[in-house]
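What the coordinates show
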Amino acid sequence: MPTPIELLTKLSVDDFSNVVNAAPKKVREELFRRAGIKNRGGAFALRSAHKTEGRIRKLHDTFSAGVEIPPEICEEVIRHYLYHRRELLKDALDFLGVEHEDGLTEADLDFLEELAPEKSRALKNKLLGAHSASDVELYLGFMKIPDPQ
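First things first, this report covers the structure right here in the doc. (Residues numbered from 1 in each chain as written. Predicted model: local features only at pLDDT ≥ 70, side-chain atom pairs only at ≥ 80, totals over all residues. Heavy atoms only, no water.)

1. Remarks on the side chain of D91
Spelled out, the test is: By definition, any uninterrupted DSSP run of H or I lasting at least four residues is a helix, any uninterrupted run of E lasting at least two residues is a strand, and each is numbered from the N terminus. For the exposure calls, accessible area comes from a 1.4 Å probe over protein chains only, and a residue counts as buried if that area is under 20% of its type's maximum, exposed if over 50%, partly exposed in between. His is not counted, nor are the chain ends; Lys and Arg add positive charge and Asp and Glu add negative charge. Any Lys or Arg side-chain nitrogen located within 4 Å of an Asp or Glu carboxyl oxygen qualifies as a salt bridge. We call two residues in contact whenever any of their non-hydrogen atoms come within 4.5 Å of each other.
Its location among the elements puts D91 in helix 6 (residues 86-96). Lacking a salt bridge, the buried D91 has K126 as its closest oppositely charged neighbour, with an N-O distance of 5.2 Å. Beyond its immediate chain neighbours, meaning those up to four positions away, D91 contacts L127, A130 and H131.

2. Quick word on the side chain of K124
Convention followed: Polar contact is defined as a pair of N or O atoms within 3.5 Å, subject to the rule that within protein one atom must be able to donate a hydrogen and the other to accept it, and that residues adjacent in sequence are counted only when both atoms are side-chain atoms.
Mapped onto the secondary structure, K124 falls in helix 7 (residues 117-128). There is a polar contact of 2.8 Å between the side chain of K124 and the side chain of E137.

3. As for unusual backbone geometry
Not every positive phi belongs to a glycine, and D102 is a case in point at roughly 55 degrees. Turning to its location among the elements, D102 is positioned in the loop between helix 6 and helix 7. The backbone of K144 shows a phi angle near 60 degrees, a positive value even though the residue is not glycine. Note on placement: K144 falls in the segment after helix 8 (133-142).

4. Looking at helix 3 (residues 25-35)
Note the cut-off: Directions pointing from the helix axis toward each C-beta atom define the arc.
Every buried residue of helix 3 is accounted for by V27, R28, L31, F32 and A35. Taken down its axis, helix 3 places every buried residue within 140 degrees of arc, on the same side. Turned more than 90 degrees from where helix 3 packs its buried face, K26 and R33 sit exposed. Positive backbone phi, approximately 75 degrees, marks G36, located one or two places after helix 3.

In structure tokens, the structure reads:
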């Protein structure tokens, strides 16, 4: 199973940017700090989306180069992103027959790690019909659902 940092590293720069931007500012800034990416500008500098995108591109390059980031931080970033993909969560949990409230559940999902290949293939195909391939791959990897290939 891929680690959270491996899941993030596999994303395109644009998808990586979407995932990182979904995290709260405090989590994002911790990620930048751990990767050694400083926020350029003085106390009176205006914040711009262009500057943030530049930092995220550097972060993506740093991930690709093999930076060591604690897995808990990467998990937090992915968790925040998936939280905003509630339709994907609802579709997956409905398919799996897990009770949920708007895509969120308190149910134990450890069984997903041992999902039969035909069931994980069917789940993947179902999700790909309604969601982006990168979101589906991120979800399946994060939930440790075996790759059906």
